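# Fold and contact review
Single-letter residue listing:
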Amino acid sequence: MSAAGAGIGRASALAMAAEGAIVHATDIDAGALSTLAAEHENIHCAPLDVTDAGAISAFAATAPIPDVLFNCAGFVHDGTVLEADDAAWEATFALNVRAMGRMIEQFLPRMIENGGGSIINMSSVASSIKGVTRRCIYSASKGAVLGLTKSVAADFIGDGIRCNAICPGTVLTPSLKARMAAGGDYDTAFEAMLNRQPTREMATPEDIAGMVVYLASDESRVATGQGFIVDGGWSL
Ligand code: NAD
């Protein structure tokens, strides 16, 4: 899995390990990985920048064949279409979409040889599901993740491969906290985020990790090609 060092990825690595899975956790942040590895004996860590195609190939060459591939890494660009330059479009799509494609390209053939498996891609309700202010490039990229997910599901359903996406709403992770702090008034930003939740509750990374465990397990054996919304009713 990617982006296991913090937030949803970290909670998911721990939840899967608690269920008995052997987790091969990667992240660009080697320091975060070392504290994660110390939390559970089933978690094995390796630094990986998923925007580096060569690093993905090298990692895939040494990693065991996975039953589950969880592509979690993603970046949130803040801005409208008028504030999005070429560099922002390219960087966002490189991490949020192309990197997922590369991970799938590397691991899918071996998963097929192994009899199948489950691929889980991290999308968002900010995508084709819901228009969200100041999330133009981000939403375009997460909509692309849903297209990638459905395409892989359709192409490889006969090979025992399932491919699903998760579409969270507002999840209180380190990166969300940093985005709320970036404007200079954390409390006001927090209140604005809370107000868009009909439940008046932020989701926790653990709330999303439960869906990751479900999609990784045989409990979801007939679920494929779907985007699973876990958003506290934000998209209602
Ligand atoms: P986050 O954005 O804080 O990132 C978690 C980890 O990603 C960090 O440990 C970071 O080191 C790692 N990372 C960053 N760039 C990387 C790279 N190039 N290669 C490998 N790892 C890299 O965590 P989050 O908020 O839990 O988001 C995780 C995913 O969930 C993202 O795809 C995000 O778009 C999606 N998401 C988050 C929310 C939310 O409200 N937090 C909502 C919907 C979707």
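Fair warning: this is a prediction, and the values are worked out from it, not measured in the lab.

## Describing the pairing of strand S2 (residues 43–47)
Taken together, the five bridges between strand S1 (residues 23–27) and S2 define a ladder with parallel strand orientation. Looking at S2, one finds that His24 is bridged to His44.

## Some thoughts on the packing of aromatic side chains
Enumeration over the complete set of coordinates arrives at four aromatic pairs. Over the ring of Trp234 we find Arg196; its NZ or CZ atom is 3.8 Å from the centre of that ring.

## Remarks on the nonpolar core
By size, the foremost hydrophobic cluster in this structure holds 29 residues, and its most contacted members are Met1, Met16, Val23, Ala25, Phe70, Met122 and Ile166. Going through the elements one at a time, helix H1 (7–18), S1, helix H2 (30–37), strand S4 (117–122), helix H8 (205–216) and strand S6 (227–230) are the ones with two or more residues in this core. Ranked by the residues each element gives to this core, the list is headed by H8, at six residues. Setting aside anything within four residues of it in sequence, one finds Met122 in contact with Ile8, Phe70, Asn71, Cys72, Met100, Lys142, Val145, Ile166, Pro168 and Ile208.

## Quick notes on the state of the cysteines
Joining two cysteines, a disulfide is a covalent bond between their sulfur atoms. This structure, assessed with the given rule, holds zero disulfides. Between Cys167, a cysteine without a disulfide, and Cys163, which holds the nearest cysteine sulfur, the sulfur-to-sulfur distance is 12 Å.

## A few points about the side chain of Asn121
When you line up the elements, Asn121 lands in strand S4. Look at Asn121 and you get buried, because its relative accessible area is 0%. A distance of 3.0 Å separates a polar atom in the side chain of Asn121 from a polar atom in the side chain of Thr149. If we ignore the near neighbours within four places in the chain, the residues touching Asn121 are Asn71, Met100, Ile104, Val145, Leu148, Thr149, Cys163, Asn164, Ala165 and Ile166.

## Here's the deal with the pattern of salt bridges
Taken as a whole and assessed by the stated rule, the structure comprises six salt bridges. Between Arg134 and Asp78 there is a salt bridge; the shortest N-O distance is 3.2 Å. On the criterion of sequence distance, the pair formed by Arg134 in the loop between S4 and helix H5 (136–156) and Asp78 in the loop between strand S3 (68–71) and helix H4 (86–113) is long-range, its members being 56 residues apart. Linked by salt bridges that have partners in common, Asp78, Glu83, Arg134 and Arg135 make up one network.

## Some details on H2
Along H2, the positions that sit buried rather than exposed are Ala32, Leu33 and Leu36. Summarising the axial view, the buried residues of H2 lie within an arc of 100 degrees, below the 170-degree limit, and thus occupy one face. Contacts from the buried residues of H2 go to H1, S1 and S2. Capping the start of H2 is the job of one residue whose side-chain oxygen sits 3.0 Å from the backbone nitrogen of Gly31: Asp29.

## Notes on the site of the ligand
Around the ligand sit 26 residues, and of these Ile8, Asp27, Cys72, Tyr138 and Thr173 come closest. Ile8 is positioned such that a nitrogen or oxygen atom in its backbone is 2.8 Å from an oxygen atom of the ligand. Interatomic distance of 2.9 Å between a side-chain N/O atom of Lys142 and an oxygen atom of the ligand. The protein chains hide 89% of the 830 Å² of surface that the ligand would expose on its own.

Rules used throughout
Residues numbered from 1 in each chain as written. Predicted model: local features only at pLDDT ≥ 70, side-chain atom pairs only at ≥ 80, totals over all residues. Heavy atoms only, no water. Pairing = 2+ DSSP bridges. Helix = DSSP H or I, 4+ residues; strand = E, 2+ residues; numbered from the N terminus. Phe/Tyr/Trp six-rings, centres within 6.5 Å; stacked < 30°, edge-to-face > 60°. Lys NZ or Arg CZ within 6 Å of the ring centre and 35° of its normal. Core = buried A, V, L, I, M, F, W, Y, C linked by side-chain atoms within 4.5 Å. Buried < 20%, exposed > 50% of the residue type's maximum accessible area, 1.4 Å probe, protein only. Contact = heavy atoms within 4.5 Å. Disulfide = S-S within 2.5 Å. Polar contact = N/O pair within 3.5 Å; in protein donor to acceptor, adjacent residues only side chain to side chain. Salt bridge = Lys/Arg side-chain N within 4 Å of Asp/Glu carboxyl O. Arc of directions from axis to C-beta. Near = heavy atom within 4 Å. Areas by Shrake-Rupley, 256 points an atom, 1.4 Å probe, with all protein chains shown as cover.

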